[in-house]
Amino acid sequence: MLFRSNGKKKIAGNRPPYKNLTSQPKYDERSGRFYSLVMGREYRPGRFAILIDIDNKEEEGTVNGLEFARLVNLDQYGAPKQRTPSGGLHYLFWVDAQVAQRIRNRTTIKHHGITFNVDVKFKNALMNCAPSKIPGYGAYEWVNPEQLADIPQLPDELLEIITLGNPRPVPKGVPRPSTIEHPDATPSADGSLRSEEHTSE
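Residues numbered from 1 in each chain as written. Predicted model: local features only at pLDDT ≥ 70, side-chain atom pairs only at ≥ 80, totals over all residues. Heavy atoms only, no water.

### Thoughts on the pairing of strand 2 (residues 35-38)
- Residue alternation in strand 2 divides its side chains into two sets, Tyr 35 and Leu 37 and Ser 36 and Val 38, and both sets are buried.
- Across 4 bridges, the pairing between strand 2 and strand 10 (residues 126-129) is antiparallel. Each bridged residue has a counterpart across the sheet, and for Leu 37 the counterpart in strand 10 is Met 127. (Buried < 20%, exposed > 50% of the residue type's maximum accessible area, 1.4 Å probe, protein only. Helix = DSSP H or I, 4+ residues; strand = E, 2+ residues; numbered from the N terminus. Pairing = 2+ DSSP bridges.)

Shown next, in the form of structure tokens:
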């Protein structure tokens, strides 16, 4: 998995050439450098990294992400877990190439009709990680760093939650719905097909 400096935070110096997930670059107190893991990349053959980012905050119409973590018991999966300076949590999983087509970056998710402050970070999204810290505020800290060597696959039940509302990709060679002829379809003036609506009286 690619390690890189995060340009969204305080940065100084060149990007470190870390590609091994278990490598831990030294934090430079003078430069205030932050490091991130890049999500959505194939870090091992057929495995693409995905982050479930639990935000410790409440906003109008949303619920604290920590409530979601407790509700679905995210700890049960043994995923690498990291505490963030704000009191949030990071859970790291992987998905295969087929499932990767269904994943979208999200800033909230819905479960049982409730909107939680949980982000899904995937395609080119950044996961800030230890040894990064925010002076005077807090640090990123792995709870179970040994799990970085054995990241679990995203379980089906979590996949269904985080992809709720995402369209499934259409396999190659399968006509898209707009090109499938309806049995009651009739040609319109421009040559395209339209479906006649029938009502019973």
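Having seen the model, we can carry on.
### Observations concerning the packing of aromatic side chains
- What the rule picks out here adds up to 2 aromatic pairs.
- Relative to Phe 116, the ring of Phe 68 lies with its centre 5.5 Å away and its plane at 55°, an arrangement referred to as tilted. You can see Phe 68 sitting in helix 1 (residues 65-72) and its partner Phe 116 sitting in strand 8 (residues 114-116), a full 48 residues away along the chain. For the residue pair Phe 68 and Phe 116, the accessibility class agrees, reading buried in each case.
- Ring centres 6.2 Å apart and planes at 70° place the aromatic pair Tyr 77 and Phe 93 in the edge-to-face group. Of this pair, Tyr 77 sits in the loop between helix 1 and strand 5 (81-83) while Phe 93 is found in strand 6 (residues 89-95), placing the two residues 16 residues apart along the sequence. Accessibility assignment for this pair places Tyr 77 and Phe 93 in one class, buried. (Phe/Tyr/Trp six-rings, centres within 6.5 Å; stacked < 30°, edge-to-face > 60°.)

### Details of the side chain of His 111
- With respect to the secondary-structure elements, His 111 resides in strand 7 (residues 109-111).
- You can call His 111 buried: its relative accessible area is 15%.
- With sequence-adjacent residues up to four places away left out, His 111 is seen in contact with Phe 68, Leu 71, Val 72, Phe 116 and Ile 161. (Contact = heavy atoms within 4.5 Å.)

### Thoughts on the side chain of Ser 132
- Counting through the fold element by element, Ser 132 comes out in the loop between strand 10 and strand 11 (133-134).
- One polar contact links the side chain of Ser 132 to the main-chain amide nitrogen of Tyr 35, over a distance of 2.7 Å. (Polar contact = N/O pair within 3.5 Å; in protein donor to acceptor, adjacent residues only side chain to side chain.)

### Some points on the confidence of the model for the protein chain
- Across the protein chain, the average pLDDT comes to 76, with 65% of residues at 70 or higher.
- In the model, residues 167-171 has pLDDT below 50 throughout and makes 7 contacts with residues more than four positions away in sequence or in other chains. (pLDDT = per-residue confidence, 0-100.)

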